[in-house]
Amino acid sequence: MPGLSFVFVGKMRERHYAEAFEEYFKRLGAFGKPELREIAEERLPEQPSEKEIARALEAAEIEKAVPKGAYVVALCVEGREMSSPELARTLDAAMGAGASKLCFVVGGSFGLHERVKRAADLRLSMSRMTFPHHLARVMLA
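Residues numbered from 1 in each chain as written. Predicted model: local features only at pLDDT ≥ 70, side-chain atom pairs only at ≥ 80, totals over all residues. Heavy atoms only, no water.

## Description of the overall build of the protein
Each helix and strand in the protein was counted, giving six helices and five strands. The linear arrangement of helices and strands in the protein, starting from the amino end, is β-α-β-α-α-β-α-β-α-β-α. For 141 residues, the compact-globule estimate of 2.2 N^0.38 gives 14 Å, and the C-alpha radius of gyration of the protein, at 15 Å, lies within 12% of that figure. Taken along its principal axes, the extent of the C-alpha atoms in the protein is 45 × 30 × 30 Å. Per-residue burial for the protein yields a buried fraction of 43% across its 141 residues. As displayed, the protein has an accessible area near 8400 Å², and 53% of this comes from carbon and sulfur atoms. (Helix = DSSP H or I, 4+ residues; strand = E, 2+ residues; numbered from the N terminus. Rg over C-alpha atoms; globule rule 2.2 N^0.38 Å. Buried < 20%, exposed > 50% of the residue type's maximum accessible area, 1.4 Å probe, protein only. Areas by Shrake-Rupley, 256 points an atom, 1.4 Å probe, with all protein chains shown as cover.)

Below, the structure is given as structure tokens:
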């Protein structure tokens, strides 16, 4: 299995999500040693303005956390929906084309900065439904 990396914004506070993620992350170890990088989510007021949200999206920190040479998959609502076999073929093709790692990026409560999404090799949506970003981490693992 190729190198696998996850970049997540925010810490998982809910124990049930954290325990579920840890279990699936541990299972990934059978295929190699996955990496996990968590970036602190900036605190915002209860009713943030668009400018406050834009400033808080952690683009520079995410960009630093993504391994060089990685095929980057940004999870976002406007991304492409794919079946599991389609995703597997897409990731396999990326590795065949020379990507050294696969890196999945999940933003915080307000999503990902547009710069991060534009730089990604693939924008992926899990569904047309919206899920809490912590649940998306569990589903991804």
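## Quick word on the nonpolar core
Judged by nonpolar contacts, the single largest core of 24 residues is most densely connected at Phe-6, Tyr-71, Val-73, Leu-91, Phe-104, Leu-122 and Leu-140. Of all the elements in the fold, those that place two or more residues in this core are β1 (3-9), α1 (15-28), β3 (70-81), α4 (84-96), β4 (101-106), β5 (122-125) and α6 (133-140). In terms of residues, this core owes the most to one element, α1, which gives five residues. When residues no more than four places from it in sequence are discounted, the contact partners of Leu-140 are Phe-6, Phe-8, Leu-75, Phe-104, Val-106 and Met-126. With 15 residues, the next largest nonpolar core counts Ile-39, Ile-62, Ala-74 and Cys-103 among its residues. (Core = buried A, V, L, I, M, F, W, Y, C linked by side-chain atoms within 4.5 Å. Contact = heavy atoms within 4.5 Å.)

## Concerning α6
Of all eight residues in α6, six are buried, a share of seventy percent or more. The inward-facing, buried residues of α6 contact β1, α1, β2 (35-39), β3 and β4.

## As for the packing of aromatic side chains
Tallied over the entire structure, the rule returns six aromatic pairs. Ring centres 5.6 Å apart and planes at 75° place the aromatic pair Phe-8 and Phe-21 in the edge-to-face group. Highlighted residues: Phe-8 in strand β1 and Phe-21 in helix α1, separated in sequence by 13 residues. Classification of Phe-21 by relative accessible area gives buried; the value is 5%. Put simply, the rings of Phe-6, Phe-8, Phe-21, Phe-25 and Phe-104 pair up and form one aromatic cluster. (Phe/Tyr/Trp six-rings, centres within 6.5 Å; stacked < 30°, edge-to-face > 60°.)

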